[in-house]
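Results of the structural survey
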Amino acid sequence: MIESSFTLYKLIILYMLQNVNFPLSNTQISDFILEKEYTNYFHLQEALSELQDTKLIEIEKVRNTSYYHMTEEGSKTLSFFENEISPEIREEIDHYMKEHSYELRKKASVVADYYKTAGDDYEVRCQARERKATIFEIVVTVPSEEAAKKICSNWENRSQKIYASIMNELSR
């Protein structure tokens, strides 16, 4: 039997990550766990931190968003303790993941980030990912942080249209 509720929170996070083939953001994990009232925000963040410290998950930061991937060690750990998550909770997670799969996948597969270059410019990297592979990437240099933020926002909102337009032009 599970020794504490805190262990259960960590197993729920691992179970969520096991059931997708893309990373989940802190917000996506939080939305589910807090909506179901399994725990509060602070305990959830502590659980995520401990999972990272013990190398059961890895974190990737893009702008102000943290994305979590389950490690091989995390997968092994979950295989030993998965049955400690009640069938009802597993069913709730499975249902949530199925119901929100498109939104969850879209958020993880379309990524844009920027950083300041050695000069006064900003470099913006826009990516489309499938699983852990980058299938499309464009990098542009812009003169201001405001322009960089706008490009990131536009990529996240209009990536499919932009990608289709570029591919159309390149395949003529």
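What comes next concerns the included structure.

Cut-off values and rules
Residues numbered from 1 in each chain as written. Predicted model: local features only at pLDDT ≥ 70, side-chain atom pairs only at ≥ 80, totals over all residues. Heavy atoms only, no water. Helix = DSSP H or I, 4+ residues; strand = E, 2+ residues; numbered from the N terminus. Buried < 20%, exposed > 50% of the residue type's maximum accessible area, 1.4 Å probe, protein only. Salt bridge = Lys/Arg side-chain N within 4 Å of Asp/Glu carboxyl O. Pairing = 2+ DSSP bridges. Patch = residues over 30% accessible without salt bridge, like charges linked within 9 Å, V, L, I, M, F, W, Y side chains within 5 Å. Areas by Shrake-Rupley, 256 points an atom, 1.4 Å probe, with all protein chains shown as cover. Phe/Tyr/Trp six-rings, centres within 6.5 Å; stacked < 30°, edge-to-face > 60°.

Structural notes on the overall build of the protein
Summing up its helical and strand segments, the protein has seven helices and six strands in all. Listing the helices and strands of the protein from first to last along the sequence gives α-β-α-α-β-β-α-α-α-β-β-β-α. In terms of overall dimensions, the protein has C-alpha extents of about 60 × 35 × 30 Å along its principal axes. In the protein, which comprises 172 residues, the share counted as buried stands at 39%.

Details of the pattern of salt bridges
Counted under the stated rule, the structure contains five salt bridges. Here arginine 125 makes a salt bridge to glutamate 123, at a shortest N to O gap of 3.9 Å. A relative accessible area of 34% means that arginine 125 is categorised as partly exposed. When salt bridges with common partners are traced through the structure, they connect Glu123, Arg125 and Glu137 into a single cluster.

Some details on the pairing of strand 3 (residues 65-70)
Where burial is concerned, most of strand 3 is hidden: five out of the six residues are buried. In this sheet, strand 3 lies alongside strand 1 (residues 24-25) in antiparallel orientation, the contact comprising two bridges. Residue pairing across strands places leucine 24 opposite tyrosine 68, the latter belonging to strand 3. In this sheet, strand 3 lies alongside strand 2 (residues 57-62) in antiparallel orientation, the contact comprising six bridges. Residue pairing for strand 3: lysine 61 is matched across the bridge by serine 66.

Some remarks on unusual backbone geometry
A positive phi angle, near 60°, is found at glutamate 37, a position not held by glycine. Tracing the sequence through the fold places glutamate 37 in the loop between helix 2 (26-35) and helix 3 (41-53). Even without being glycine, lysine 55 reaches a positive phi, approximately 65°. Along the chain, the position of lysine 55 falls in the loop between helix 3 and strand 2.

Some points on a nonpolar patch on the surface
A cluster of nonpolar side chains, Leu34, Tyr41 and Phe42, forms an exposed patch at the surface whose accessible area comes to about 330 Å². Classification of tyrosine 41 as partly exposed rests on a relative accessible area of 42%.

Some words on the packing of aromatic side chains
For the structure shown, the criterion picks out seven aromatic pairs. Consider the rings of phenylalanine 6 and tyrosine 9, whose centres lie 6.2 Å apart with planes at 80°: the pair is edge-to-face. With phenylalanine 6 and tyrosine 9 both in helix 1 (residues 5-18) and three residues apart, the pair spans about one turn of that helix. In this structure phenylalanine 6 comes out as buried when scored by relative accessible area, which is 19%.

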